[in-house]
Amino acid sequence: MAQSSEVRAKKAYETFCAYFDGRNLKYDKEESQDGSYKINISGKGDDLTMKFLIVVNPKYDLISILSQMPFNVEEDKLVEGAIATAIITDNLREGSFDFNVKTGAIYYRLTSSYLQMEVTKELC
């Protein structure tokens, strides 16, 4: 018998949490009123601190990973920022960069369906 979207979403969410727990990573989690599950996690690399929001959406069987870049493009460089963001996005295999022309904020976004698949720790 096929599992419901809600059951698959909860299992995907729990798999992400178990993966992070297994790596001793700290994160915040939330079960939203709209039925989605959210995980906030951050980490520091060699040069930048990155924050990620992982959203498991049972309504559409989607997992989205969102990350705002820790800088904004300055107002006098918005055109260059938009062009650079478009060029970089065009060369990505997966995901995209979204550029807010009003604020200069850049967001990385990766959305993938988990319909008819099992979310495993390896996928995380």
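Residues numbered from 1 in each chain as written. Predicted model: local features only at pLDDT ≥ 70, side-chain atom pairs only at ≥ 80, totals over all residues. Heavy atoms only, no water.

Participant: Whenever I open this one, the overall build of the chain confuses me. Can you help?
Facilitator: Scanning the chain from N- to C-terminus turns up two helices and six strands. For the chain, the α and β elements follow one another from N to C terminus as α-β-β-β-β-α-β-β. Expressed as lengths along the three principal axes of its C-alpha atoms, the size of the chain is roughly 55 × 30 × 30 Å. The 124 residues of the chain split such that 29% are buried. Of all intrachain contacts in the chain linking residues separated by at least 6 positions in sequence, the fraction that spans at least 24 positions is 41%. Element-wise, carbon and sulfur atoms account for 51% of the exposed surface of the chain, whose accessible area totals about 8800 Å². Each charge class in the chain can be summarised by its mean position, and for the 15 positive and 19 negative side chains these summaries are 4 Å apart. (Helix = DSSP H or I, 4+ residues; strand = E, 2+ residues; numbered from the N terminus. Buried < 20%, exposed > 50% of the residue type's maximum accessible area, 1.4 Å probe, protein only. Contact = heavy atoms within 4.5 Å. Areas by Shrake-Rupley, 256 points an atom, 1.4 Å probe, with all protein chains shown as cover. Lys, Arg positive; Asp, Glu negative; His and termini not counted. Charge placed at Lys NZ, Arg CZ, Asp CG, Glu CD.)

Participant: Teacher, can you tell me more about the nonpolar core here?
Facilitator: Proteins that are soluble and globular tend to have nonpolar side chains buried together. Core analysis: the biggest nonpolar cluster contains 15 residues, and F16, F20, I39, V56 and I63 have the highest contact counts within it. Elements represented by at least two residues in this core include exactly α1 (5–22), β2 (37–44) and β3 (49–57). It is α1 that contributes the most residues to this core, six residues altogether. Each residue touching I39, except ones within four places of it in the same chain, is listed here: Y13, F16, C17, F20, Y27, D28, K29, F52, L53 and I54. Residues M50, M69, L78 and F99 belong to the second largest nonpolar core, which totals seven residues. (Core = buried A, V, L, I, M, F, W, Y, C linked by side-chain atoms within 4.5 Å.)

Participant: Honestly, the pairing of β2 in this entry has me stumped. Any pointers?
Facilitator: Walk down a regular strand and you will see the side chains alternate between the two sheet faces. Across five bridges, the pairing between strand β1 (residues 27–31) and β2 is antiparallel. Following the sheet pairing, E30 is matched in β2 by K38. Here β1 folds back onto β2 in antiparallel fashion, the turn holding five residues, of which G35 has a positive phi close to 95 degrees. Note that β2 and β3 share eight bridges and pair antiparallel. Across the sheet, I41 pairs through a bridge with F52, a residue of β3. In this structure, the hairpin formed by β2 and β3 is closed by a connection of four residues. (Pairing = 2+ DSSP bridges.)

Participant: Would you mind going over the side chain of S36 with me for this structure?
Facilitator: Residue position: S36 is located in the loop between β1 and β2. For S36, a relative accessible area of 3% translates into the label buried. In terms of polar contacts, S36 uses its side chain to reach the side chain of D34, at 2.7 Å. Those residues in contact with S36 that sit more than four places away from it in its chain are E30, E31, V55, V56, N57 and P58. (Polar contact = N/O pair within 3.5 Å; in protein donor to acceptor, adjacent residues only side chain to side chain.)

Participant: Help me understand a nonpolar patch on the surface in this model?
Facilitator: A cluster of nonpolar side chains, contributed by V79, I83 and I87, occupies part of the molecular surface with about 290 Å² of accessible area. Relative to the elements of secondary structure, V79 occurs in helix α2 (residues 78–90). (Patch = residues over 30% accessible without salt bridge, like charges linked within 9 Å, V, L, I, M, F, W, Y side chains within 5 Å. Salt bridge = Lys/Arg side-chain N within 4 Å of Asp/Glu carboxyl O.)

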